[in-house]
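Take a look at the letters that make up each chain.
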Amino acid sequence: MSDEKVVAIDGPSGSGKSTVARGVGDALGLAVLDTGAMYRAVTLAALDAGVDLTNGVAIAAIAAKVRMELEGDIYLDGRDVSAEIRTPRVTASVSTVSAHSGVRGELVARQREWVVAHDGGVVEGRDIGTVVFPAAPVKVYLEASEGERARRRQRDEVAANRSVAVDEVRNSLARRDAIDSGRAASPLRIADDAIVIDATHLSVVEIVTDIVARFRTATGPRS
Ligand code: DC
């Protein structure tokens, strides 16, 4: 089973999941799947289609229909949307879209297919260890202080040529965290058997080294 070669990385926005996932993927020779990008791509498709974002059935139909390419750059129906899925327009709506259980059902099925096609992978998101790959040999819950998460996200915004105050980023993160953790369908929570890593005072290298060692211990010498 491909689940045996999954590293599940969950945690709130701005905890550094993507950077850590890339480092772990490189070290272990596993492909990396950013599931947040999938929810963002569906949100963009729904916004472009002018669908009411509270209509879970309509958005689930969009999630079932769109074509997504998820290696490196993100393509939606053949269009490179890597930058557009990170714009404030999408960020402001993605928690509403991802709270619909029908949307989640479609994307979770695609995530499982992706892992089979790639013979394992490093998968990052909010419900990977709890719902999508509960049998993953290594599950990480990555967290960081609110201030640190806001600073990281602000750096991302500046890198994308958008200047926003750190307080604004902090408020937007808090709003998204509250929806992601409080929703009925697969809320963000720490899996019982997850390792909790606080990234506030650790370097990416330290975190990656720790996760890689745990994966090798859990899966034996063949990895
Ligand atoms: O990781 P991110 O900030 O790009 O994720 C965008 C949103 O997608 C986030 O607010 C919650 C949602 N999400 C989710 O519900 N489940 C996942 N597995 C990944 C992301």
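Preceding this paragraph is the structure being described.
Quick caveat, the model's predicted, so the values are computed rather than measured.

**Considering the pattern of salt bridges**
Following the criterion strictly, the structure yields 18 salt bridges and no others. With a shortest N-O distance of 2.9 Å, Arg-79 and Glu-84 are connected by a salt bridge. The exposure class of Arg-79 is partly exposed, given its relative accessible area of 37%. Residue classification places Glu-84 among the partly exposed positions, given a relative accessible area of 26%.

**Describing the site of the ligand**
The full set close to the ligand counts 17 residues, and Arg-40, Arg-104, Asp-127, Asp-180 and Arg-183 are the nearest of them. The separation between an oxygen atom of the ligand and a polar side-chain atom of Arg-40 is 2.7 Å. Here an oxygen atom of the ligand sits 2.9 Å away from a polar atom, N or O, in the side chain of Arg-176. Burial of the ligand by the protein amounts to 98% of the accessible area it has alone, namely 440 Å². Sorting the residues of the shell around the ligand by element identifies helix H2 (35-49), helix H4 (88-98) and helix H8 (166-182) as the ones contributing at least two each. The dominant element in the shell around the ligand, judged by the number of residues it contributes, is H2, at 4 residues. Taken together, the residues of the shell around the ligand break down into 2 nonpolar, 6 polar and 9 charged.

**Observations concerning the sheet that holds strand S5 (residues 79-80)**
What the 3 strands build is an open sheet, ordered S3-S4-S5; its pairing is antiparallel. Both edges of this open sheet fall to strand S3 (68-69) and S5, since each of them pairs with a single strand only.

**Things to note about unusual backbone geometry**
Located in the positive-phi region is Asn-161, a residue other than glycine, with phi close to 65°. Secondary-structure assignment places Asn-161 in the loop between helix H7 (146-159) and H8. Relative accessible area serves as the criterion here: at 73%, Asn-161 is assigned to the exposed category. Within the chain, Ser-186 stands out as a residue other than glycine whose phi angle is a positive 45°.

**Points about helix H9 (residues 204-219)**
The terminal C-alpha atoms of H9 lie 22 Å apart, and with 16 residues this matches the ideal 22 Å at 1.5 Å per residue to within 8%. Tucked into the core, H9 has its buried residues touching strand S1 (6-10), helix H1 (17-28), strand S7 (138-143) and strand S8 (195-198). Downstream of H9 by one or two residues, Gly-220 has phi in the positive range, about 90°.

**Focus on the nonpolar core**
Counting residues in each nonpolar core, the largest one holds 36 residues, and the members touching the most others are Val-42, Met-68, Leu-76, Val-103, Leu-107, Val-123 and Phe-133. Contributions of two or more residues to this core are made by S1, H2, helix H3 (56-65), H4, helix H5 (101-118) and helix H6 (128-132). It is H2 that contributes the most residues to this core, 8 residues altogether. Every residue in contact with Leu-107, bar those within four places of it in the chain, is listed here: Met-38, Tyr-39, Val-42, Ala-63 and Met-68. If you look at the next biggest cluster of nonpolar residues, it comprises 20 residues, including Val-20, Val-24, Ile-211 and Val-212.

**Let's talk about the pairing of strand S6 (residues 121-125)**
Every regular strand shows the same layout, with side chains that alternate between the two sheet faces. Taken across its 5 residues, S6 has 5 buried, putting it largely inside the fold. With 5 bridges joining them, S1 and S6 adopt parallel strand pairing. Bridged to Asp-10 within S6 is Gly-125. Bridge analysis of strand S2 (residues 32-34) against S6 gives 3 bridges, and the strand direction is parallel. Note that in S6 the partner of Leu-33 across the bridge is Val-123.

**A word on the pairing of S8**
Of the two faces of S8, the one holding Ile-195 and Ile-197 is buried and the one holding Val-196 and Asp-198 is not buried anywhere. Here S7 pairs with S8 via 4 bridges, running parallel. By the bridge assignment, Leu-142 is partnered in S8 with Ile-197.

**Considerations on the packing of H7 against H8**
The contact between H7 and H8 brings their axes to 9 Å, and the two run at 110°. Relative to H8, the element H7 is oriented roughly perpendicular. Regarding H7 and H8, the two cross each other, and that crossing is right-handed. Here H7 contributes Glu-146, Gly-147, Arg-149, Ala-150, Arg-151, Arg-153 and Gln-154 to the contact with H8, which in turn contributes Val-166, Val-169, Arg-170, Leu-173, Arg-176 and Asp-177. Class assignment of the residues belonging to the contact of H7 with H8 gives a composition of 4 nonpolar, 2 polar and 7 charged.

What counts and what doesn't
Counting from 1, residues in each chain are numbered in the order their sequence is written. The predicted origin of the model limits local features to residues at a pLDDT of at least 70 and limits the giving and counting of side-chain atom pairs to 80 or more, whereas totals for whole chains, interfaces and linings rest on all residues. Side-chain numbers come from the whole structure's heavy atoms, not from hydrogens or water. The rule for a salt bridge is simple: a side-chain nitrogen of Lys or Arg has to be within 4 Å of a carboxyl oxygen of Asp or Glu. A simple rule labels every residue: compare its accessible area, found with a 1.4 Å probe on the protein chains alone, to the largest value its type can have, and call it buried under 20%, exposed over 50%, or partly exposed in between. When at least one non-hydrogen atom of a residue lies within 4 Å of a molecule or strand, that residue is treated as near it. N or O atoms within 3.5 Å of each other form a polar contact, as long as, within protein, one can give a hydrogen and the other can take it, and as long as residues adjacent in sequence are counted only when both atoms are side-chain atoms. Shrake-Rupley sampling with a 1.4 Å probe provides the accessible areas, and residues are treated as covered by the protein chains on show and by no other component. A helix here means a DSSP run of H or I that spans at least four residues, while a strand means a run of E at least two residues long, and both kinds are numbered starting from the N terminus. Residues are grouped as follows: Ala, Val, Leu, Ile, Met, Phe, Trp, Tyr, Cys and Pro are nonpolar; Asp, Glu, Lys and Arg are charged; every other residue, Gly included, is polar. Criterion used throughout: strands pair if DSSP finds at least two bridges between them. For a helix, the expected span equals 1.5 Å multiplied by the number of residues minus one. We call two residues in contact when some of their heavy atoms are within 4.5 Å. In this text, buried Ala, Val, Leu, Ile, Met, Phe, Trp, Tyr and Cys residues form a nonpolar core when linked through side-chain atoms within 4.5 Å. What counts as an axis is a line fitted to C-alpha atoms, over the stretch in contact for a helix, and the angles between N-to-C directions run from 0 to 180 degrees. Should an angle lie under 35 degrees it is considered roughly parallel, over 145 roughly antiparallel, and from 65 to 115 roughly perpendicular; all remaining angles are considered oblique. Crossings are classed by handedness, with left-handed meaning an anticlockwise turn of the near helix from the far one by less than a right angle and right-handed meaning a clockwise turn.

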